[in-house]
Amino acid sequence: MKFNSDIVIGLEIHCELATKSKLFCGCARSGSNEPNSRTCPTCLGHPGSKPVLNKKAVEFAIKLALATNSKITKELIFSRKSYFYPDMAKNYQISQYEIPLATEGSIKLGSGKEISLTRIHMEEDPAALVHPSGMRESKFVLVDYNRSGDPLVEVVTNPDMTSPEEARDFMNQLITILQYLEIFDINNCIIKADANISIKESGYIRAEIKNVTGFKDIERALKYEVARQKEEVKEGKTLKQETRAWDSEKGITFSLRTKETEADYGYIVDPDLVKIDLTKEWISEIKKNMPELAHEKLAKFTKQHGLTEEMARIISKDKELAEMFEAVSTAIDPELAAKWIRRELTRVLNYNKKKLNETGIKDIHMIDLLKLIEENKITETTAQRIIEKLVESSFDIKEYVKKQGLEAVSDVRGLEKLCKEAIDEAPKAVEEYSSGKEKALNFVVGIVMKKTKGKAKPDEVNKILKDLIK
Amino acid sequence: MDINKIIEECKKINDEYHYFNTIDEGLNSKSSNCYESSIRKTPKKQGDGKLNNIAISVKDCICVKGLESRAGSKILEKYKPVFDATVIEKVKQQGAIIIGKTAQDAFGFGSFSTNVGKDMKIPLNPFDKERACGGSSGGSAGITQKASFRHITLSESTGGSIVCPASFCGVIGLCPTYGRVSRYGLMDYANSLDKIGPMARSMDDIALIMEIISGYDEKESTTLNEEVPKYSDFLKKDIKGMKIGIIKEAFGKGIDKEVKEKVEQGIKKLEQLGAKTEFISLPLTQKYGVETYYLLAMCEASTNLAKYCGMRYGAAEKLEGSFNEYFSKVRSDYFNDESKRRIIIGTFARMAGYRDAYYIKAAKVRTKIIEEYKKAFAKFDLLLSPTMPFVAPKFKDIEKLTPLQNYMADILTVGPNLAGLPHISIPAGFNKDKMPIGLMLIADHLKEEKLIQAGSKL
């Protein structure tokens with residue numbers, strides 16, 4: 001391939017699909033973490049055991065293929081990828097070879113640049129190797145087969161990325177798609193990347209960095225690698241095509257092996273699994289149940305709802321928030337809805353380390369709350385407090401406001417009385433304000449707010465005070 | 001017959017002929033109607049199972065829960081499966097008694113049961129102890145011939161491992177359509193070719209057990225979801241007008257004269273009963289069958305045997321060196337020569353650079369061979385040939401064979417196995433040395449009943 005950019009990056013990303021059971025047996029994919037508790041003869045590779053394909057996993061993978069506009073194969077065929085390794089129950093991995101599930105797809109980055117995909121294929125995860133005292137020091141390795149046979153999709157890109165930042169964004173976009181499709185659970189699904197990277201100065205001699213977990217580390221690892229490769233070229237060294245590992249703690253990559261030739265996996269079709277017809281009917285059935293995706297929502301939010309690009313991007317990134325925004329903005333001014341969902345709701349959720357679905361906050365709560373703001377019935381401060389309460393337990397907003405007496409004080413005469421009291425209580429601040437220190441007034445406003453328990457509108461209080469002091 | 005006596009007899013026969021790798025002696029210590037050691041699910045009422053109290057032996061490569069099952073190999077010594085194969089579950093439900101695991105070429109790699117696992121004994125022909133039982137299911141065929149009690153064996157064929165020993169030992173052996181009987185619990189040789197099937201002395205028992213073990217299995221993806229006929233209804237059915245194609249090539253060069261004569265007598269008998277016979281030629285199968293079979297079988301076998309590395313079950317050695325060194329040591333020490341040969345050839349034939357020329361090409365030729373048979377079955381109900389071109393050979397002659405000559409012995413049996421076609425070997429008499437001769441019938445896919453219909457007339 002001919003390249004001309006300074007940096008060339010291609011990714012192979014493995015994502016675990018959030019199915020209930022494993023890819024070829026009935027064992028639970030997640031649950032007990034006691035080593036080797038979620039196993040059976042099939043995922044342990046016992047003699048005589050046979051794989052039976054989990055159709056749900058196929059459905060999940062097809063969703064990803066559809067979401068990336070890939071071409072889907074008519075027949076699903078699995079192959080045996082043979083190599084000896086202690087984490088392999090059968091010393092071959094059931095994967096796909098000549099004919100992957102999908103080809104020719106693409107994923108758009110935030111910048112609008114399209115990254116093309118060579119293929120998406122399905123395979124089973126090997127077991128996990130546990131090095132009790134670190135990878136290099138341990139005298140022995142323990143094997144935990146709980147992971148053995150978990151369903152994975154491998155997404156392979158063309159070498160279209162030209163910076164570590166783009167690689168990070170690609171991972172980010174992919175995770176967003178996976179989450180929108182509800183085929184990936186960030187809490188218990190593994191996502192890891194192998195990254196191929198080369199630079200112009202070396203004549204594009206590529207290094208493959210294995211097993212980088214998470215989008216932040218992808219950027220870190222690749223940045224390190226760019227710097228390393230540039231440094232080596234500068235020192236006059238010739239780079240070798242090699243496989244490297246990423247040490248996240250130390251923030252460095254190190255050489256695992258130099259690759260002279262491609263590994264030979266001796267693929268054969270897995271004769272224990274029959275070819276599965278991916279019929280038009282099945283695929284259109286899956287298509288029918290596909291949610292609207294982030295980029296589609298983003299376009300809608302800017303065009304139909306009139307949000308700024310940035311606001312639309314942030315809201316559309318999170319499926320739950322995006323869906324809430326859509327529902328709320330049918331009753332509330334979209335801009336106000338966006339502002340509150342994006343800022344206040346997100347702030348409170350982050351503070352409590354909760355996701356929206358882990359709280360009782362529903363669309364109707366936001367609608368009621370924002371209506372009260374629109375109608376000037378509560379202050380923004382009150383609304384913030386209510387959201388904080390809502391995270392803990394769900395309740396009827398209107399009733400709560402009434403019961404707690406949280407309606408905003410907009411009775412001017414009543415406010416005037418309280419303002420006068422405040423002026424009397426803070427002569428020093430009033431004097432400073434009168435002598436030109438604008439900020440001193442805030443102290444007086446604060447007293448009034450305290451007297452009204454936050455129910456007064458700061459703007460109004462400000463105005464009344466200024467009028468009174470004048 | 002009392003189960004204790006059966007076990008006693010098996011042990012006695014075994015001392016002389018080596019038909020068993022394991023005899024389920026656990027049975028012996030219990031009363032004759034209490035077989036918990038091997039029966040998980042018994043019929044609701046004692047005595048209403050279709051196989052009640054029938055002794056069944058099982059080829060070593062079929063998993064029986066808790067009973068040592070090693071596919072005739074040393075590397076799986078002492079391995080006790082944690083589950084029953086589907087066929088075992090089915091026969092146990094019908095009240096059968098599992099008596100033991102029968103001797104075989106390790107992993108099914110052989111035509112004479114001489115490639116047994118290291119340090120294991122070779123089964124001897126029931127008619128002449130200087131001759132082989134045939135393979136790979138030698139023990140199955142031997143005990144089926146020798147047992148004085150009613151007995152059925154569950155065996156397995158990849159390229160002829162049921163009909164070959166059945167022919168050499170003078171019993172009936174039926175290899176069903178690929179996918180007719182579940183392979184769940186069968187230790188794989190070549191998954192796209194492996195089939196579990198029975199041997200017995202009577203066609204009634206063959207029909208009976210086929211009704212029980214056939215059918216769809218949700219645990220095994222390649223089983224066919226097709227209704228199972230009542231095979232025993234075909235035992236008495238006449239064969240008037242049945243069209244039988246006589247495979248021309250099978251009677252040509254290389255066939256033993258006496259084998260030819262006896263099989264021709266069988267043909268005459270079928271003709272007298274109203275069957276219409278005609279010669280048919282299968283040139284492609286004749287020319288490429290053996291090569292195609294061995295390439296595909298070895299490619300698959302080499303991946304299947306990868307799991308035996310001394311790590312999770314079976315043989316284990318002192319942990320020394322890297323995992324690569326350890327795996328290599330265990331595999332070098334425990335696999336026999338034929339296993340190594342097939343692993344090496346099978347791995348070679350699927351490696352980059354050779355894969356297209358061997359593995360892929362063989363898969364394509366296999367399709368052509370299936371087409372050749374399908375064309376024949378458009379015209380015929382059954383095809384007929386000798387099972388083996390000769391009677392059971394002497395061990396001293398087998399020793400002289402090169403591996404290639406060895407493989408060529410399968411020339412008549414690999415065809416239906418490659419095409420997944422059901423076939424049966426039926427005793428057709430003896431030669432002058434009193435060695436049995438077998439006649440083979442082949443039917444179209446899922447037409448086992450025709451094999452039973454015609455076979456029961458011989």
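Since we're looking at a predicted model, the values are computed, not measured.

Caption draft 1: Broad picture of the overall build of chain B. Check the secondary structure of chain B and you find 14 helices and 13 strands. Whereas a compact globule of 458 residues would reach a radius of gyration of roughly 23 Å, chain B reaches 21 Å, a difference of no more than 12%. When the backbone C-alpha atoms are referred to their principal axes, chain B occupies close to 65 × 60 × 45 Å. Expressed as a percentage of the 458 residues in chain B, the buried residues total 62%. Of the roughly 17,400 Å² of accessible surface on chain B, a fraction of 51% belongs to carbon and sulfur atoms. Each charge class in chain B was averaged separately, 68 positive and 57 negative side chains, and the resulting centres sit 2 Å apart.

Caption draft 2: Summary view of the overall build of chain A. Scanning chain A from N- to C-terminus turns up 15 helices and 17 strands. Rg of the C-alpha trace for chain A: 29 Å, well past the compact-globule value of 23 Å for 470 residues, more than 25% over. By its C-alpha atoms, chain A is 90 × 55 × 45 Å across when sized along the principal axes. Burial statistics for chain A: of 470 residues in total, 51% are counted as buried.

Caption draft 3: Quick look at helix 13 (residues 427-434) of chain A. All names here are of chain A. Along helix 13, the residues that are buried comprise Ala429, Val430 and Tyr433. Taken end-on, helix 13 shows its buried residues confined to a sector of 100°, consistent with a single buried face. In helix 13, the exposed residues that point more than 90 degrees away from the buried face are Pro427, Lys428, Glu431 and Ser434. After helix 13 finishes, the residue Gly436 shows a positive phi value of roughly 110°.

Caption draft 4: Inspection of the pattern of salt bridges at higher detail. Taken as a whole, this structure holds 58 salt bridges over all chains when the rule is applied. The closest approach of N and O atoms between Glu323 of chain A and Lys319 of chain A, which form a salt bridge, is 3.9 Å. Here the residue Glu323 of chain A and the residue Lys319 of chain A both occupy positions in helix 7 (residues 319-328), the gap between them amounting to 4 residues, near one helical turn. Given the relative accessible area of 38%, Glu323 of chain A is considered partly exposed. The closest approach of N and O atoms between Glu278 of chain B and Lys379 of chain B, which form a salt bridge, is 2.7 Å. In this pair, Glu278 of chain B is assigned in strand 10 (residues 276-280) and Lys379 of chain B in the loop between helix 10 (356-377) and strand 11 (382-386), connecting sequence segments 101 residues apart. Overall, the relative accessible area of 38% leaves Glu278 of chain B in the partly exposed class. Residue class for Lys379 of chain B comes out partly exposed when judged on its relative accessible area of 47%.

Caption draft 5: Here's a closer look at the packing of helix 6 (residues 309-317) of chain A against helix 7 of chain A. Residue and element names in this part refer to chain A. Axis separation between helix 6 and helix 7 bottoms out at 5 Å; the angle between their running directions is 115°. Contacts from Ile315, Ser316 and Lys317 in helix 6 reach Lys319, Leu321, Ala322 and Phe325 in helix 7. Among the residues making up the contact of helix 6 with helix 7, the classes are represented as 4 nonpolar, 1 polar and 2 charged.

Caption draft 6: Just the domain arrangement of chain A, in detail. Residues and elements named next belong to chain A. Per the domain assignment, the segments of chain A are domain 1 (7-282), domain 2 (292-404) and domain 3 (412-469). Computed from C-alpha coordinates alone, the two centres of domain 2 and domain 3 are separated by 32 Å. Opposite the 4 residues of domain 2 that make contact, domain 3 presents 4 residues. Note on domain 2 versus domain 3: buried area summed over both sides is about 330 Å², and carbon and sulfur give 48% of it. Where domain 2 packs against domain 3, one counts 0 salt bridges.

Caption draft 7: Broad picture of the interface of chain A and chain B. Between chain A and chain B, the residue contacts involve 34 residues of the former and 39 residues of the latter. When chain A packs against chain B, the two sides together hide about 2,800 Å² of surface, and 57% of this comes from carbon and sulfur. Area buried by chain A at its contact with chain B is led by Pro47, Lys50 and Phe84 of chain A, which between them contribute 22% of it. Linking chain A to chain B there are 3 salt bridges. The closest approach of N and O atoms between Glu98 of chain A and Arg355 of chain B, which form a salt bridge, is 2.9 Å. At the surface where chain A touches chain B, the tally comes to 22 residue pairs in polar contact (both at pLDDT 80 or more). Considering only residue class, the side of chain A that touches chain B consists of 21 nonpolar, 7 polar and 6 charged.

Caption draft 8: Seen up close, the side chain of Ser136 of chain B. All names here are of chain B. Tracing the sequence through the fold places Ser136 in the loop between strand 5 (128-132) and helix 3 (138-146). Judged by relative accessible area, Ser136 falls into the buried class, the value being 0%. There is a polar contact of 2.7 Å between the side chain of Ser136 and the side chain of Lys59. Not counting chain neighbours up to four residues away, the residues in contact with Ser136 comprise Lys59, Ala103, Gln104, Asp105, Gly108, Phe109, Gly110, Ser113 and Ser161.

Caption draft 9: Spotlight on the sheet that holds strand 4 (residues 79-82) of chain A. Residues and elements named next belong to chain A. The antiparallel open sheet is built from 3 strands, whose spatial order is 5-4-16. Of all strands in the sheet, those bounded by a partner on one side alone are strand 5 (92-95) and strand 16 (268-269). Pairing geometry for strand 4 and strand 5, over 4 bridges, is antiparallel. Counterpart to Arg80 in the pairing with strand 5 is Ile94.

Caption draft 10: Representation of the sheet that holds strand 7 (residues 172-175) of chain B. Residue and element names in this part refer to chain B. Across the sheet, 11 strands lie side by side as 1-3-2-6-8-7-12-13-11-9-10; this open sheet has mixed pairing. Bordering the open sheet on either side are strand 1 (20-23) and strand 10, each of which pairs with just one other strand. Ignoring which end each strand starts from, the neighbouring axes of this sheet average 25° apart. Here strand 6 (residues 151-157) pairs with strand 8 (residues 195-200) via 6 bridges, running antiparallel. Within the sheet, the bridge partner assigned to Ser157 lies in strand 8 and is Lys195. On the sheet, helix 5 (residues 203-213) packs against strand 2 (55-59), strand 6, strand 7, strand 8 and strand 12 (423-430) and is oriented at approximately 150° with respect to strand 8.

Calculation rules
Counting from 1, residues in each chain are numbered in the order their sequence is written. For this description, chains carry letters from A and ligands carry numbers from 1, given in the order in which they are written. In keeping with the predicted nature of the model, local features appear solely for residues at pLDDT of at least 70, side-chain atom pairs appear and are counted solely at 80 or more, and the whole-chain, interface and lining totals rest on all residues. To get the side-chain values, take all heavy atoms of the structure and skip hydrogens and water. Numbered from the N terminus, helices here are DSSP runs of H or I no shorter than four residues, and strands are runs of E no shorter than two. To get the radius of gyration, use the C-alpha atoms; to get the globule rule, take the number of residues to the power 0.38 and multiply by 2.2 Å. Burial classes follow relative accessibility: with a 1.4 Å probe on protein chains only, a residue under 20% of its type's maximum area counts as buried, one over 50% as exposed, and anything between as partly exposed. Methods summary: accessible areas were calculated by the Shrake-Rupley approach with a probe of 1.4 Å, and residue burial reflects only the protein chains presented. When charges are counted, neither His nor the chain ends are considered; positive counts come from Lys and Arg and negative counts from Asp and Glu. Taken as the charge centre is NZ of Lys, CZ of Arg, CG of Asp or CD of Glu, depending on the residue. Arc definition: directions from the helix axis to the C-beta atoms. Salt bridge, as applied in this entry: a Lys or Arg side-chain nitrogen positioned within 4 Å of an Asp or Glu carboxyl oxygen. Note on geometry: axes are lines fitted to C-alpha atoms, helical ones only across the stretch in contact, with angles between N-to-C directions running from 0 to 180 degrees. Contact between two residues is taken to exist if any of their heavy atoms lie within 4.5 Å; hydrogens are not considered. Residue polarity is assigned by list, with Asp, Glu, Lys and Arg as charged and Ala, Val, Leu, Ile, Met, Phe, Trp, Tyr, Cys and Pro as nonpolar; anything else, Gly included, falls into the polar class. An automatic or database domain assignment supplies the start and end points of every domain. Throughout, the accessible surface (probe 1.4 Å) given up by two parts as they are put together, summed over both, is called the buried area. Under this definition, polar contacts are N or O atom pairs within 3.5 Å; protein pairs additionally need one hydrogen-donor-capable and one acceptor-capable atom, and for neighbouring residues in sequence, both atoms have to be side-chain atoms. For two strands to be treated as a pair, DSSP must find no fewer than two bridges joining them.

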